[in-house]
Amino acid sequence: MHKGNARAFTNIALIKYWGKKDETLILPMNNSLSLTLDAFYTETEVIFDESYTKDIFYLDNQLQEEKATMKISQFLNLVRELAGTSCYAKVTSKNFVPTAAGLASSASGLAALAAACNQALDLQLSDKDLSRLARRGSGSACRSIFGGFVEWEQGNDDLTSFAHKLSSDNWENELAMLFVLVNDQEKDVSSRDGMRRTVETSSFYSGWLADAPKDLAKAKHAIQEKNFTALGEVAEANCLKMHGTTLAATPPFTYWSSDSLKAMQAVRQLRSTGIDCYFTMDAGPNVKVLVEKKNIPHVKAYLETLFDSAQLVTAYAGPGIEIL
Ligand code: ADP
Ligand code: DP6
Ligand code: CO
């Protein structure tokens, strides 16, 4: 019996990954940049055992049906290939984050699974190779191997596409993200399907792609300079451009709900009163507000006038994967 147990935290992209140039290898169309957070995470245990006759997947104490288990098996096949084994596995995972709601459960989920497999089968993968492995499960997961600010280099093949930590003089420890949880239910269009449909059909996609490298350069520069306003402005603009692409897809779709717009408007209102804060959103209706720690009380107090306090979660910069 070979057992591994790991924790990985979610990450929220400030410069988004949105579109693949290779669906099988999960190679992205552009580099992305994220902040790993401490408030939402996944813990996953994996056991490989000769006596198992198939892969089994428990998520949040529920035995998963065939489709969800198939996804896990596909990932485990990559691991089995690396380890030179044909052993089936039992995966037991717990999400301390709503699943498939646009809060990056696939990032923490697949990073935790990759790290647990690395330990179970004693693969001794470097962080870079672990990032490459996690990428094959979900693109954004390659960034959750690392803590703090992280960049995913798109690369041009399996070997060259991986994430790495950005040096930042620990500036991320002065920042926070306030989550406005407007809906924690499973979204209608998964990240995978949403980005595929956008790449294939949206005439706005070329605009997104043309701007992505410029946005990335601005974000990296802002981090180097510890310029909060510059980082927030480019993150918010990049998020709006990403979400804009979905409106021109066929069939068109949006991840926004009326409460998403309400939260975005609240952020604009706070800025108009001199409080520097910016929003970003992933593939889902939930809004994340980037803020300097010193402004948390003010931003939170205002958001509490508009939303239930149970809907507001404060997250700080989080660490990379942890072996349990
Ligand atoms: P999210 O915004 O939550 O990342 P995605 O559409 O990107 O949503 O991915 C959701 C999918 O990620 C789930 O349907 C499941 O396949 C996978 N996933 C989520 N959590 C886990 C987990 N703990 N272990 C394995 N896979 C997971
Ligand atoms: C909008 O990594 O969840 O959150 O690679 O298909 O599993 P797959 O998709 P995923 O996509 C994340 C998209 C995003 C932006 C981001 O996290 O960079
Ligand atoms: Co995801």
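It should be emphasised that the depicted structure is a prediction, and the values quoted were computed from it without experimental measurement. (Residues numbered from 1 in each chain as written. Chains lettered and ligands numbered in written order. Predicted model: local features only at pLDDT ≥ 70, side-chain atom pairs only at ≥ 80, totals over all residues. Heavy atoms only, no water.)

### Here we look at the overall build of the chain
To keep it simple, the criterion reads: Every helix listed is a DSSP run of H or I at least four residues long, and every strand listed is a run of E at least two residues long, numbered separately from the N terminus. Put simply, the radius of gyration uses C-alpha atoms, and a globule should come to 2.2 Å times the residue count raised to 0.38. Three labels apply to residues, based on accessible area from a 1.4 Å probe with only protein chains included: buried if under 20% of the type maximum, exposed if over 50%, partly exposed otherwise in between. A contact between two residues is defined here by any heavy atoms of the two lying within 4.5 Å. Shrake-Rupley sampling with a 1.4 Å probe provides the accessible areas, and residues are treated as covered by the protein chains on show and by no other component. By the counting scheme adopted, Arg and Lys are positive, Glu and Asp are negative, and His together with the chain ends is not counted. Charge coordinates come from a single atom per side chain, which is NZ of Lys, CZ of Arg, CG of Asp or CD of Glu.
Assigned secondary structure in the chain consists of eight helices and 14 strands. The globule rule puts the C-alpha radius of gyration for 324 residues at 20 Å, and the 19 Å found for the chain is close to it. Over its C-alpha atoms, taken along the principal directions, the chain stretches across nearly 65 × 40 × 40 Å. Expressed as a percentage of its 324 residues, the buried residues of the chain come to 55%. Pairs at least 24 apart in sequence give 75% of the contacts found in the chain among residues at least 6 apart. Split by element, the accessible area of the chain, about 13,700 Å² in all, is 49% carbon and sulfur. If you average the places of the 33 positive and of the 39 negative side-chain charges in the chain, the two averages end up 2 Å apart.

### Quick notes on the site of ligand 2
As a reminder of what qualifies: One heavy atom within 4 Å of a molecule or strand makes the whole residue count as near it. For this analysis, a polar contact is any N or O atom pair within 3.5 Å, provided that within protein one partner can donate a hydrogen and the other can accept it, and provided that sequence-adjacent residues contribute only side-chain to side-chain pairs.
By nearness alone, 17 residues border ligand 2, and Tyr17, Lys20, Ser138, Gly139 and Ser140 come closest of all. Between an oxygen atom of ligand 2 and a side-chain N or O atom of Tyr17, the distance comes to 2.6 Å. A distance of 3.5 Å separates an oxygen atom of ligand 2 from a polar side-chain atom of Asp282. Computed on the free molecule, ligand 2 has an accessible area of 460 Å², of which 95% lies beneath the protein chains in the complex. In terms of residue count, helix H4 (residues 191-201) provides more of the shell around ligand 2 than any other element does, three residues in total.

### Things to note about the domain arrangement of the chain
Put simply, the test is: Domain boundaries shown here were taken from an automatic or database domain assignment. For any pair of parts, buried area is found by adding up, for both, the accessible area (1.4 Å probe) each one loses once the two are put together.
As far as domains go, the chain holds domain 1 (2-170) and domain 2 (178-313). For domain 1 versus domain 2, the distance between C-alpha centres works out to 23 Å. Each side of the interface is counted separately: domain 1 has 35 residues, and domain 2 has 43 residues. Among the residues of domain 1 in contact with domain 2, Leu14, Lys16 and Trp18 are the three that bury the most area, contributing 28% of the side total.

### Details of the pairing of strand E8 (residues 149-153)
What counts, and what does not: One requirement defines pairing of two strands: DSSP has to find at least two bridges between them.
When you tally the buried positions in E8, you get four out of five residues, the bulk of the element. Examined bridge by bridge, strand E4 (residues 32-48) and E8 share four bridges and lie antiparallel to one another. The residue bridging Ser34 from the neighbouring strand is Val150, located in E8. Bridge analysis of E8 against strand E9 (residues 162-165) gives four bridges, and the strand direction is antiparallel. In the sheet register, Trp152 faces E9, and the bridge partner there is Ala163.

### Digging into the sheet that holds strand E11 (residues 277-281)
Definition in use: The convention used is that axes are lines fitted to C-alpha atoms, helices contributing only their stretch in contact, and that angles between N-to-C directions extend from 0 to 180 degrees.
Strand order in the open sheet formed by four strands is E11-E12-E10-E13, and the pairing between neighbours is antiparallel. Because the sheet does not close on itself, it has two edges, and the strands there are E11 and strand E13 (312-316). With strand direction ignored, the average angle separating the axes of adjacent strands in the sheet is 25 degrees. Packed onto the sheet, helix H6 (residues 228-247) meets strand E10 (175-180), E11 and strand E12 (287-292) and runs at close to 30 degrees relative to E11. The sheet contacts of helix H7 (residues 258-272) involve E10, E11 and E12, and relative to E11 the element is tilted by about 160 degrees.

### Concerning the site of ligand 1
The immediate surroundings of ligand 1 are formed by 20 residues, with Lys71, Ser93, Asn95, Ser105 and Lys187 found nearest. A distance of 3.1 Å is found between an oxygen atom of ligand 1 and a backbone nitrogen or oxygen belonging to Gly102. A distance of 3.0 Å is found between an oxygen atom of ligand 1 and a side-chain nitrogen or oxygen belonging to Ser191. Only strand E5 (56-59), helix H1 (66-83), strand E7 (89-96) and helix H2 (105-120) provide two or more residues apiece to the shell around ligand 1.

### Observations concerning the packing of aromatic side chains
This is how it is decided: Only the six-membered ring of Trp is used, alongside the rings of Phe and Tyr, when aromatic pairs are assigned; centres must lie within 6.5 Å, and planes under 30 degrees apart are stacked while those over 60 apart are edge-to-face, with the rest tilted. Distance and angle both matter: a charge sits over a ring if NZ of Lys or CZ of Arg is within 6 Å of the ring centre and within 35 degrees of the ring normal.
Counting across every chain of the model gives eight aromatic pairs. Counting every residue linked through ring pairs, the aromatic cluster contains Phe9, Tyr41 and Phe96. A cation sits over an aromatic face here: Lys94 above Phe96, 5.3 Å from the ring centre. Over the ring of Phe307 we find Lys262; its NZ or CZ atom is 4.7 Å from the centre of that ring.

### With respect to the UniProt feature "domain: Mvd1 C-terminal" (unreviewed entry) in the chain
We count it as follows: UniProt positions are given in the numbering used here, feature names are shortened, and annotations may be inferred rather than shown by experiment.
UniProt records the feature "domain: Mvd1 C-terminal" (unreviewed entry) for residues 178-312 in the present numbering. Its end C-alpha atoms 7 Å apart, residues 178-312 is made of 56% helix and 11% strand.

### Structural notes on the pairing of E5
Judged by which residues are buried, E5 turns out to be one-sided: Phe57 and Leu59 face inward and are buried, whereas Ile56 and Tyr58, on the alternate face, are not. Judged from the two bridges that link them, E5 and strand E6 (residues 62-63) form a sheet pairing that is antiparallel. By the bridge assignment for E6, Leu59 is matched with Gln62. Linking E5 to E6, which pair antiparallel, is a turn of two residues; within it Asp60 sits at a positive phi near 50 degrees.

### Observations regarding the packing of H1 against helix H3 (residues 127-137)
In helix packing, the relevant descriptors are the interaxial angle and the interaxial distance, both defined with respect to the helix axes. How we decide: Note: crossing handedness is left-handed where the near helix turns anticlockwise from the far helix by less than a right angle, and right-handed where it turns clockwise. Basically, the charged four are Asp, Glu, Lys and Arg, the nonpolar ten are Ala, Val, Leu, Ile, Met, Phe, Trp, Tyr, Cys and Pro, and anything else, Gly included, counts as polar.
The geometry of H1 relative to H3 is characterised by a closest axis approach of 9 Å and an angle of 150 degrees between their N-to-C directions. Where H1 crosses over H3, the handedness of that crossing is right-handed. Contacts from Phe75, Leu78, Val79 and Leu82 in H1 reach Leu133, Ala134, Arg136 and Gly137 in H3. Per-class residue counts for the contact of H1 with H3 are six nonpolar, one polar and one charged.

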